[in-house]
Each structure stands twice: as structure tokens, then as C-alpha cells.
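Residue strings, one per chain:
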Amino acid sequence: MGNNNSAVHKAPFLEHKTQKAAAAVTAHSDLKGDRSKHQPGQPRVSVAAEGKAKTASTPATLVTGKGSGRESVTGSTRTSFNGVVDTVQAKTWNPTQYANSGDEDMREYHALEHNDYVLPSDVREQDRLERQHHMLRMAFNGTFSDIVSEDAKNALKRAPRPKILDVGCANGVWAKSVKAEFPHAEVFGVDIAAESFVKNAGSEDGVSIMFGDVLDRLPFDDNTFDFVHQRLLVLGMPKDRFIDAIRELIRVAKDGAWIELVEADIVIYKPGPESKLLGTALFDAMHRRGLECYAGMNLAWSVNQVKENVRSYGKKLVSIPFNWGGEIGTIHGSTAYGFLLAVEDWMHTVMGVSREDYRQLAKNCYDEWAEHKSFGNGCAVYFQVKKAVVTDAVEAAVPAGRK
């Protein structure tokens, strides 16, 4: 994860606010978001759900819970990392290069040679994703639902046999959970590593899981789904392809359907010294790979680029503590630590350090988060799809460009 300490985004734990069709112009104005070019250490402004620009040295309201969370602290690691990443490996590393290397520590990955996704798809990753799902459900929905938008939930309840799609479904944890919430729905999941995540990819707890790549063409006809969900594809989505992916989601969605996107900034706010060291290396590696470290904060800007297909819109930003602040912080800390270990194959190569050095650095990051009250930001953007032709009057009223 990257780091940012000089000016910390505050992302309040806000209730979702979906603008109705009558307020479409206002909603589109909020969609502009903040897509300014950003480097670590520069001030950056977050946009809350009301569309008001805010900045502060601490988050306005963190999502916390009962309990103390873990608060152990360790000293600095003596890593051999010299602060310079291998730019070639950062950009071109692919797990398929090492499939037959004999490295016993190598994790299990997808098998696509031309996909940028760097996270594994093995049992350890599935366990991390299960815990991460629980944490995100608590953060965005208070554990009561898997869908952020109340309007979307009500629409699914009214539909006699709605079709729901989860893109980048991994082992189907979100898809299976939403099937339990809406048992009358047909639920599908697609993932580039479907075979790894679900043995003999097929029906799993009433969910049909299959191979699918949103950056290619999803295996569904136009106008198929009533609700489309995509979450945390930041490590497999080049930042210049985010808009292409959103357009593909719109293609398979029906007119009037809802699309929900959830992304996080791969940044640690209020980092300690170990987090700064590892975070800066990860930020640099992602930047050179063409990935978006601020995917959460820039999600609204991306949706604004398809405003002609947006009928109504809402967003919710949350700040979640790492390893402090009760149950949610404890889970977030453990899943974030698991994330650092999940990118070990890539990052120890990029940083030019041994696996042992990298693991110690990751552990030191975990141990210092509570002391420094570190946290991360996430964002959910949801919108109702419009496939009718936009009139000249409405088009003229919608602001264009980025901040």
C-alpha cells in the first residue's frame, strides 16, 4: 500500500444518498470527483457524499466497533531494500513466468499471460477474501446487506426473478451472500481465475460461477442483468481501462438496472516509518504498472465519463482503521497484512529483497498501524443505468471535464 501523511483524506462514514431522476443534473455534478495527478505527500481533497470538498489531518468519522483491536509495536526492520524498485519487473512481472520455476513459496495464480492482476487465487487468498467481505459489509452496510443502495435493494425485492452479476467474483463470497439475501434472484459470478477459485467452475450454493474478463467481453448478451456488482479490481485494472470496464458493465445491464462499484485507495493514511518504506515501493510499482493507487477517490470521476448512461447516482466514502478501533479494525488489519503477503511474489522481486526481508517488513507494518492510528479509505459508487438517448438540453446541463 502507498502512504500519505502530510495531508490525510477524511472520508466520513456517511449514509448513502441517492439522487432521484429529477435531480440528475446535481448528481452528475457530484460525479466529477477528483482525478488530479497526485504524488505521495501532496495535499489531496476528498469529496464526501454531499459533494463538499473537505480535508483534515484526521478522518472525520472512522468506522469503528467494540473492542480494543491489536496494538503491538515493533522496532524498525533492517531490510536490504535500497528504496529503488526494479522498473522492468514492476511493469512486466506476471505469475505465468514462474509457473514451472520450482519455487515452493510461489502462490497459485490465474493463467492469463496478458492480465495485470497480481493477487493469487489459492486457499489462503480465499480465506482472506472471506474476512475482507465481512469487513466491507460492516463498513458500508452495517452487516445488514450486501448492497449499498436502498433503491437498488428495493428494486430487486420487487422484481419477480431478477438477474444479478458479480464481476471479479473470486470464490463467490459476495455472490453467495447476496443470493441468501435475495433467494428469488438468479445470481452469476465471473472471474479470470474461476477454475482456481471454484473447482470445476459451475454452480456453487445456487450461484453460477464461470470464467469472464471484463477487460475483454463478458459472456453475456446485452441487457441481461438487473444488478451488476464489481469490487476491488484495482490490482488488475489498468487505470486507462476503468472506463472501458464500466461501459462493459453497462452493456450487460438492462435499462433501469443498477450498477455498484466498490474500490479502495491502495494507500495507508497516517503511516509509520515501516509503512512509508513499503508503501512507497508499492505505490511506485503500481504507478509503473499503470495501476490506480487512488481507485476509491477517483471512482466518481470514472463514472462521470459515462454520464450519458447514468439516470440517478449515489456514493458512500468510508475510512477504516488498520488494526485498531475494535472488531472492524482488527479484521481490516489482518486482511491488509494478508494483502501485503499476497503480493510478496511480485514485490520482493520488484524491491530486490529476499522473501524473509519482505515478510519481516510486512509484519513490522502490521505491528505499527495501531500506534500511528493508520487507516485506509474506500468508496462505493452506485448508479441506475439509462440507455435512452440523451437530449441536447440535458447534455448541455451536465458539466464535463475533471478537477
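Our structure is the block above this text.
Presented here is a report on the structure given in the accompanying data block. (Residues numbered from 1 in each chain as written. Predicted model: local features only at pLDDT ≥ 70, side-chain atom pairs only at ≥ 80, totals over all residues. Heavy atoms only, no water.)

### Thoughts on the pattern of salt bridges
Thinking step 1. Taken as a whole and judged by the stated rule, the model has 18 salt bridges.
Thinking step 2. Among the ionic pairs, Asp-284 bridges to Arg-288, the shortest N-O distance being 2.9 Å. Residue Asp-284 and its partner Arg-288 are both found in helix H8 (residues 273-289); the two are separated by four residues, about one turn of the helix.
Thinking step 3. According to the relative accessible area criterion, Asp-284 is partly exposed, its value standing at 22%. (Salt bridge = Lys/Arg side-chain N within 4 Å of Asp/Glu carboxyl O. Helix = DSSP H or I, 4+ residues; strand = E, 2+ residues; numbered from the N terminus. Buried < 20%, exposed > 50% of the residue type's maximum accessible area, 1.4 Å probe, protein only.)

### Structural notes on unusual backbone geometry
Thinking step 1. One non-glycine residue, Leu-232, lies in positive phi territory at about 55°.
Thinking step 2. As for its position among the elements, Leu-232 is in the loop between strand E8 (225-231) and helix H7 (242-252).
Thinking step 3. The backbone of Lys-270 sits at a positive phi, close to 60°, despite the residue not being glycine.
Thinking step 4. Taking the relative accessible area as the measure of exposure, Lys-270 reaches 23% and is therefore partly exposed.

### Side note on the layout of surface pockets
Thinking step 1. In this structure, the second largest pocket spans a volume of roughly 160 Å³.
Thinking step 2. Surrounding the second largest pocket, Leu-112, His-114, Asn-115, Asp-116, Asp-213, Leu-215, Asp-216, Gly-236, Pro-238 and Arg-241 form its lining.
Thinking step 3. Per-class residue counts for the lining of the second largest pocket are three nonpolar, three polar and four charged. (1 Å grid on protein atoms, 1.4 Å probe; cavity = no way out; pocket = protein on both sides within 12 Å on 5 of 7 lines; lining within 4 Å. Points joined across faces, edges and corners; volume = space filled by probe spheres on them. Nonpolar A, V, L, I, M, F, W, Y, C, P; charged D, E, K, R; others polar.)

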